[in-house]
Amino acid sequence: MAAGTEVRHPIADPSGQPSGRRRRLVPVLLVVGWLVGVGWRMWLSRHVPLPIAHTDEDSYLHTARALAGGPGGFSSENGPLRRVGYPLLISPAFLGEGDFTDSYRLVQLINAVLNATVLPLAYLLVRRLVPVRRAVALAAAAVAATLPATVFYASVAMIDAVLAPLVLAWLLAVHHWVRRPGPLAAAGVGALVGVFHLLHSRGLVIVGVHVGLVLLLFLRRRTTPAQVLAAVLPVLALALVNEAAIRLLGDRVYLLGDPPGGGTVRAVASGAGLLRVGAAVATQLWYLVVITFGLAGIAWAGAVRLLLRPTPDPASASVLSSATPATPATPVDTSAAGGGSAADEAATRWTVGVAVVTSIGVAAGASVILAGITSKPLDAIYGRYVQMLAPFWLLVGVGMLVTATPRVRWRRAAVAAGVLLAGATLIAARLAWVAGRGHELRYGGFGAPDLMALTGGWREFRPFTGAAVAVASCLLLVAAVRSPRLRVPVLAALVVVNLGTMQVITDRLVRPMVAATAPTPRVADLGVRPGDRVWASLGVQWVLRFNLSHQVTWADVRWFVDNPPADADVVLVRWAPGEPDDWDGDRHGFVRLGGNPEQHWAAWRRR
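Calculation criteria
Residues numbered from 1 in each chain as written. Predicted model: local features only at pLDDT ≥ 70, side-chain atom pairs only at ≥ 80, totals over all residues. Heavy atoms only, no water. Helix = DSSP H or I, 4+ residues; strand = E, 2+ residues; numbered from the N terminus. Expected span 1.5 Å × (residues − 1). Buried < 20%, exposed > 50% of the residue type's maximum accessible area, 1.4 Å probe, protein only. Polar contact = N/O pair within 3.5 Å; in protein donor to acceptor, adjacent residues only side chain to side chain. Phe/Tyr/Trp six-rings, centres within 6.5 Å; stacked < 30°, edge-to-face > 60°. Core = buried A, V, L, I, M, F, W, Y, C linked by side-chain atoms within 4.5 Å. Contact = heavy atoms within 4.5 Å.

Focus on helix α4 (residues 100-115)
An α-helical segment advances 3.6 residues per turn. Residues three or four places apart therefore align on the same side.
Okay, step 1: Between the first and last C-alpha of α4 there are 22 Å, a value that for 16 residues agrees with the 22 Å anticipated at 1.5 Å per step.
Okay, step 2: Turning to α4, its buried residues are Phe100, Ser103, Tyr104, Val107, Gln108, Asn111, Ala112 and Asn115.
Okay, step 3: For α4, the capping residue at the N-terminal end is Asp99, with a side-chain oxygen 2.9 Å from the backbone nitrogen of Thr101.

Encoded structure:
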């Protein structure tokens, strides 16, 4: 992780406690931390009884319900990018004939259980990459596990809830494969890549990176044909699982999304288009640095140095063990680096290189796809796609700080500050340029909720405020980690910041969204019961229409314009007394069951 001239004395665990006892304590702390993490995520979810991230949540939930044997529904996906991995994962929540709210809670529990595994995975990863004390590794893992970028989507039925732990597991597997090559390790990496492909279209980038990694390892004679086959077959197998599940669903889930095509090509097939995409990529990468308190910038500065340095002689000692030996009173803990061999450094280099390419690839792929959606304004920022990488870069940034000399720390902090200020300037120029032409870029809660909370920018993008927050945090961290005694307390303070940020997001963003999108009363309270054939009018505001439809667990609620279908028993329509578009059910032979005139919807039953 650091050049031989940069490494300080090896980090030793405090003496005075038996090593075996410490080793037994760590798994206990990780299990307890995981359980606390699950409970905290469920506590944050208590305000969210219905979907708020439309239409993605609706698509996943309809598909999961269909996979569990229930009715289907619409999906906003398109054919080429359609994935069924996440619906498969949450489909057990829809077994039986339970109330939708109960099923939704089970989905949140599945999310929480998997999302909280970031803690043990982060601990294992940081211990493999850098020689830090167990206490520092635990504290860094706690920061990664509480990052809002990690936690936010656990409260909703979104694939992003499970991607952060999957990224850590994948990069941990890559490190293990390079360090100890073998068919089983190769198959493990391939299986995780296949899971990525099964879960989301972002997996296409991961698959591309995986193919490049396999080819490079093979050309560098670091792997064998048998391992290449073991690394590739799981990806193909899980791609076939995706296709098989889609065929199994048939037309029970119907797609409303437009396949990427001419619009995407036109969006990038010009100099101006490429500039827009480049600005979007830079904005997402800048966002990663801000939400990791500048640590991603420090990590990238160290990663470039690490990747450009000549490959060491495998027979030579690792740079991670090139420091002055410790005295017997402070035994050196080299387990984090596997004994400090050249194989460990090589594995770290390959892992960091894979992460760098993946970060750029995901940001670029997302920007290209989003640029092709011409039916909506472009986003000022859409950090959702790169959020899954934030925990990894935070962990690497911590390692880069702890293992470097003070001079190198400040140099890397200067690089991070430069990235932050340059990015803020670029973003401000982009916003001004668009505004000067009478347009505006979209800025919403799901684009960057943590950035909104950190900058107070609930209604406007504040790039310089974000840069200032991250630069200040970065400088404080660099100053504090010089003292080994302050490292754990400072990281613990970041955990507190994360907890507070999530509470602010919940109060200022999530709860208002729930209040605006939760229809009252429930359709069951109006007498709508299983067996009723229910249709919904397009006159009902779309978010309310979707959440009303979710409560009809026994059927797929289809839409109509004005005249209800002949087979409709119950219709959900617009209720706007005194307005021209108020739906009159009397002339269609219906009687009103009730509804909410303030939310402009009502349920009517055929006489």
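Once the structure has been displayed, the description carries forward.
Some details on the packing of aromatic side chains
Okay, step 1: In this structure the tally under the stated criterion is 17 aromatic pairs.
Okay, step 2: Both rings, one in Phe546 and one in Trp559, keep their centres 5.9 Å apart while their planes meet at 25 degrees; by these two values the pair is stacked. Of the two residues, Phe546 sits in helix α21 (residues 542-550) while Trp559 sits in strand β4 (residues 558-560), which places them 13 residues apart along the sequence.
Okay, step 3: By relative accessible area, which is 6% here, Phe546 ends up buried.
Okay, step 4: Accessibility expressed as a relative area gives 29% for Trp559, which makes it partly exposed.
Okay, step 5: Ring centres 5.7 Å apart and planes at 75 degrees place the aromatic pair Trp583 and Trp604 in the edge-to-face group. A residue pair is termed long-range when its members are at least 10 positions apart, and Trp583 in the loop between β5 (570-573) and β6 (590-596) and Trp604 in strand β7 (residues 601-606) qualify at 21 residues.

Digging into the nonpolar core
Okay, step 1: Of all hydrophobic cores here, the largest spans 155 residues; its most connected members are Trp170, Trp177, Trp286, Phe392 and Trp393.
Okay, step 2: A total of 14 residues in this core trace back to one element, the largest contributor, which is helix α8 (residues 160-179).

Here's the deal with the environment of Tyr287
Okay, step 1: On the secondary structure map, Tyr287 appears in helix α13 (residues 271-291).
Okay, step 2: Between the C-alpha atom of Tyr287 and that of Gly466, which follows or precedes it by 179 residues, the distance is 8.5 Å.
Okay, step 3: For Tyr287, the contacting residues outside a window of four places in its chain are Ile381, Gly383, Val386, Gln387, Ala448, Asp450 and Leu451.

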